[in-house]
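# Examination of the molecular architecture
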Amino acid sequence: MMEAKQRIVILGGGTAGWMTAAALSRFLPPHSYSIQLLESAQIGTVGVGEATIPHIRQFNQWIGLDESEFLKATGASYKLAIRFRGWGQANSDYYHPFGLSGEDLYGLPFHQHWLWLQQQKTTSLKDYGQYSLAVLMAQQGKFSRPAADLKDPSSSFNYAYHLDATLYAALLRQHSIAQGVEWLDGKVTAVTQHQNGDIAQLILEDGRQIAGDLFIDCSGFSALLINKTLQTGYDNWQHWLPCDKALAVPSEKAPAPPSYTSSKAMAAGWQWRIPLQHRTGNGLVYCSSYLTDSAAEQALMTGLEEQALAPARALQFVTGRRKQSWVNNCIAIGLSSGFLEPLESTSLYLVQIAIESLLQYFPSHPVGDIERELFNQKMQLEYLRVRDLLILHYKLNSRPEPFWQYCAQMAIPDSLAQRLEMFKETGHALEYRQGLFQPASWLALYLGQGLQPKQLDTRLGALDPNQLESWFSRYQYQLQQVVNAMPEHHQVLQRTELAGAAVAPAFSLYGHRG
Amino acid sequence: MQQPLVFIGHGLWLQMATAIVAKHLQPFGYPCIAIELPAKAKEPAAMAGGPELVTLCQMLGLPLQLVLARAQATFSLGSQYQSGDSSWFVPFGHYGLNAAAAEFEQAILQLLRLDANSKAEQFCIAALAASQGKFALAPANRPDLAEALSYGLHLQTAEFAACLKHYNQQLGVTFLSSQTVEMKYSAEGQISTLQLDNGTALPVGYCLDCRTEPAADEASHTVQLFCAQDTTVLLQQPHSSVLQTSWGWLVRLPLQQGSHWFSQCTDPTLELSHFRQELQQLTGLSEWQHSTRQQPTESQPWQLNHLRFGQAAATLDCPLYNGLNALQYLLIRWLDLLPNQSYCPATALMYNQHWQQFQSEVQDFLWLHQHPLATKTGQAFARLGRVLSTETDAIKAGQWFGLMQGLGLKPELRSMLLAHRTDTEIHQGLRQVQQQIARLVTAMPSQIDTLNRCLQQLSH
C-alpha cells in the first residue's frame, strides 16, 4: 500500500512564507510530501528585509536561484556595509562592514595595534574603517566581487543585497509553484486541533478546510497559529529595545545608488535608507513614548533625499521573541516567531536560519520532542545573540535627547554586560562559534560609537610605534590601490548578466578570510 | 619591566605550560620562573596527544623530527575501537574529501541503512590509511589533505618533558626546585609572593598553577593503571587502540619500541586485584602500576592572578582524553585575552564560562562512551543522525561522528536535505568518493617509511 503523503501547510505569503516554500519544495520529494501555501489577498504583507546580509546569497544558491535572474527580478543593488551616522554621538559616522579591518600582527589582533597607536597620538593614523576594504569600497562607490583565495586582499570582505521584498516574494512564489507548491488564496477564520493539541485543519472564510500534518506559521505579527491557537508566550524585550513603531515610505531611485544601507540616529529612534535599482526604501523606527506619530512622519518626510512615491505606511511592533518557535506540529518562521528591528538587516537571516534548521531537524509524523527541542534551542541562541548587538547600539551613547539618555542608563542583559565590561577591561572581544556576529562586528560598534578600553594588551608596550605606523601606512595604501582598480558600483549594477559567474559565497559575514 | 610569571608544578604539564607562555611572552619582556615540585602520584610513561599537540610543536618551532626521535614518538590518525565483535575507527580528520561537503555524513548514514556490509571507515582517508598502516604528512600545497589527515602523536612523557625543559632553558626561563610552595596573599586576595622551602619569597604577577589534586584515600577515588612492559612494536598501526572492558576502556599507545597500556576505573566497589587479573587476561601482561587520585573539580580556573590550570585540565584527564590537550587550550585561550592588570573580573568570568563549555563538551564525549543514549548528543544522533554544534574544538566533528556511529547509534530519520536524491544517486556519489580515497591511500607511504624518513632528516 502506498504511504500517504505528509501534508505541509504554510500560512502566509510574505517573504518568510515564500522563502520557506521555495526551500521545502527544493528538498522534499513530491511523492512523499505535499506543500500548500495559503495567503489572503485581503491581508497585506509587511515586506520586511529590504536590506540583507551576505547569507542571503547562500540561500539563493541553495534553492537554485541564479544571481542575474535575482538581481533583475528584485531590482536589487549590492550591499557592502551599513553606515551609522549619529549613533553614539551626534556627530559620529562609522560603517559596520561585511568584512574585516586590518590583519593580525605580531600575534595580536589588529584593533589592539590601532588603539595603541591612537594612544601614542600617531599623526598618520586613519579612522578604523579606513583599514577595511569593504568600507573603502562603500565610501568610494566601488564594487567588485570578493575572492576565495585567502592571499588576495579581496577575500577579506563579503557582500549582500538591497532588494525589493515584495518582488523577491513574487520571484520565490514563481519558483515555488514551478516546483510543485500549491498556492491557495483564502482567509483563515478558525483552526481545529487534535486532542494532543496538534493543529488539524485551517477553516477558511469560504468554508474550505485545509488539513495538514505540519503547519508553518508565516502569518506575520498576527501569529495566528503559534500564538492565537497554541497560546505560546512572548518574551518582550522592549525595555532593552524601546522603539515600538515604524513608518516606511518609498522614494525615487538615487542616481548612483550607494552600496551601503544608511542608518541615521534621530531624536527618538533612527532613519533608514535602502537604495534599490528602481526606487529607494526609507523608514523611521521610533519610540512612541518620546515622539508623536505626526512628529515622526514629519521627521521622516523632511529627511528624504529623493521625492516620495507614496504616503508613509505605519507599523507597530513589540520587540521580542516567541518563547518557543516550534510547538506541537506548528513552526513559526519570520515575524510570527519574533521581531527585531532592522538595524542590522537580520530579518531575512533569521528566516533563513529557521528554514535551514527545520530542514536539518525535519520531523517524521508525528513530530518528536528531540527535533523540536533542538530547533527551539538553535533559534533562541540566534535571536539572543542578534538582540545583544542591537541593544549595544542604543546603550553606547552620549547623546543629550531624553530617549537616548534613557537608553544610556538602562539595564542590559548579563550576556551583553559581560562582553561590554570585558572589552572595557582589556580591549579584547571574545568570539563565539554559533551565532551571527563575530568580533569584527562588535569592534566596529565599540570603536565606531566611541568606546575606549581602559587597558590594552600588555604586549603592545614592547613594540616600536614608528615601525608599526609605517606598516599601517603601507597597508592602507595597498588597500586603496585595490579599491582604485575596481569599477563603480552603479556600472556593475548595469551588467547584472555577469553576476552568475560569481565565486561561491563564503558562509562568514566577513568573506572567505572571516 | 613586566610582572613575573611564575609556573608551579612538575613534569610534562609544567614544562608544556612554561613553554607555551614563555615562547609568547618572553619577547615582550616578561620574566618567567618555573618552580619544580615533586610529583605526588605516578604518571603514565606515555601519552597520546591530538592534532593540538602537533600544532603546539609547530608554534614553538620544535621540529617534528626532534620530537619523534627524543620521545620515541609515533603518529596517530585517531583511535581504533574494539567492543565485543564490533570495531570502528574514530579519526581526528574528517570523512570524505572535503570537510565542508554538505550532508556527507548523512549520505554515509543513508548508505549504512541500506547496506549492512558497508562501513563508515571506507569514506574516511584517515581510517582507511590507519587500517593499512599508512601515514603521510600532507604536502604544503594540499591543505585539504592536511585536514583529512589531521594527526596527533603517541610519545614518551618524561622524554618529551625533558625536550621541553631544554627548550624552556634556552628561552631563558629560570628553574627553581622546592619541596613545597606557600602562597602569600595581598589584602585584595591576590597572590603577592610564593614562599619556597629554602625561604625564598618570589614576587608574583600571575601564578600559573599546573599542579593537580594530590593522591588521597584509595578507597574512594579514581584508580589509574599503566603498563609499559609490552615490547610489541606496532609501527604498522598509526593509531591508538581502545578496547572495551567490563569496567570501562583500555587504551594501547604504540611507541617506536613497544606499547603502553592505560586504563582507569571509577567504580569504588571494584577490587584492585580483580582489575589486575582481568587486565592480565586481556593483555598477557602482569606488570601493572597503579595510582589513585581524587577526581578533581575546577570550573573557575582564572581567579584573580591565580590560574589553576593544572587542576582544571586534570578534571578531564583520563585514558580516553589527555588532560594535556585541555591544559594547552587553557593556556592559549588565556594568552588570547592577556590583560595588563591582574584584576579584570569580567574577562575572567567570560574566560571561565568558556572553559566550562569546553569541559562540558569533553565530558559529554566521555560520557557517550558509557551511556550513549543518556546524553543529549547521543539522543540527537540516534534520532536525526546529527552531531550537535559545539562552541569549542575540544572534540573534532569526525570524532563525534565516528564514535556515535561506531557505538551503534542508528538514526531514526533520514536527512531531508538529501531527500531529493535517489538512493542510487547517493550510492554512486559515495562510491566515487570511496574510489578517490582508496587511490589516495594506495599512494601513501607506510608509517614506518614516513617515520624513517623523518628520523633520517634529523640525522642529516
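Just so it is clear, the structure is predicted and the values come from calculations on it, not from any experiment. (Residues numbered from 1 in each chain as written. Chains lettered and ligands numbered in written order. Predicted model: local features only at pLDDT ≥ 70, side-chain atom pairs only at ≥ 80, totals over all residues. Heavy atoms only, no water.)

## A look at the side chain of Ser101 of chain A
The criterion, for reference: Think of it this way: any DSSP run of H or I at least four residues long counts as a helix, any run of E at least two long counts as a strand, and we number them from the N terminus. Every residue pair with non-hydrogen atoms within 4.5 Å of one another is taken to be in contact.
Mapped onto the secondary structure, Ser101 of chain A falls in the loop between β5 (93–97) and α4 (110–119). When neighbours within four sequence positions are excluded, Ser101 of chain A is seen to be in contact with Phe110, Tyr128, Tyr131 and Ser132 of chain A.

## Looking at the pattern of salt bridges
Our working definition: Any Lys or Arg side-chain nitrogen located within 4 Å of an Asp or Glu carboxyl oxygen qualifies as a salt bridge.
Applying the stated criterion to the full structure yields 35 salt bridges over all chains. A salt bridge links Asp209 of chain B to Arg211 of chain B; the shortest N-O distance between them is 2.8 Å. Here the salt bridges do not stand alone but share partners, grouping Glu50, Asp164 and Arg279 of chain A into one network.

## Regarding the pairing of strand β15 (residues 269–275) of chain A
Residue and element names in this part refer to chain A. Test applied: Using a 1.4 Å probe on the protein chains alone, a residue whose accessible area is under 20% of its type maximum counts as buried, one over 50% counts as exposed, and one in between counts as partly exposed. By definition, two strands form a pair when at least two bridges between them are found by DSSP.
The buried fraction of β15 amounts to seven of the seven residues, a majority that puts the element mostly inside the structure. Alignment of strand β14 (residues 260–266) against β15, held across five bridges, turns out to be antiparallel. By the bridge assignment for β15, Ala265 is matched with Trp270. Here seven bridges tie β15 to strand β16 (residues 280–286), and the two strands are oriented antiparallel to one another. Its bridge partner being in β16, Trp272 is matched across the sheet by Gly283. Between β15 and β16, which pair antiparallel in sequence order, lie four residues.

## Some points on the packing of aromatic side chains
Note the threshold: Here is the rule: rings of Phe, Tyr and Trp (six-membered ring for Trp) pair when centre to centre is within 6.5 Å. Planes less than 30 degrees apart are stacked, more than 60 are edge-to-face, and the remainder are tilted. Only when the NZ of Lys or the CZ of Arg is both within 6 Å of the ring centre and within 35 degrees of the ring normal is a charge said to sit over the ring.
Scanning all chains against the criterion turns up 52 aromatic pairs over all chains. Measuring from centroid to centroid gives 6.2 Å for Trp18 of chain A and Trp183 of chain A, while their planes differ by 75°, and the two rings are edge-to-face. Pair noted here: Trp18 of chain A is in helix α1 (residues 15–27) and Trp183 of chain A is in strand β7 (residues 182–185), with a separation of 165 residues, a long-range link. Between Phe309 of chain B and Tyr351 of chain B, the aromatic rings sit 6.1 Å apart at their centres with planes inclined by 35°, giving tilted as the arrangement. Of this pair, Phe309 of chain B sits in helix α9 (residues 309–314) while Tyr351 of chain B sits in helix α11 (residues 345–370), and the two are 42 residues apart along the sequence. The exposure classification of Phe309 of chain B matches that of Tyr351 of chain B, with both residues buried. Taken together through their ring pairs, the aromatic side chains of Phe84, Trp87, Tyr94, Trp270, Trp272, Tyr290, Tyr394, Phe403 and Trp404 of chain A make up a single cluster. Positioned above the aromatic ring of Tyr432 of chain A, the side-chain terminus of Arg385 of chain A is 3.9 Å from the ring centre. One cation-aromatic arrangement involves Arg387 of chain A over Trp237 of chain A; the distance from NZ or CZ to the ring centre is 4.9 Å.

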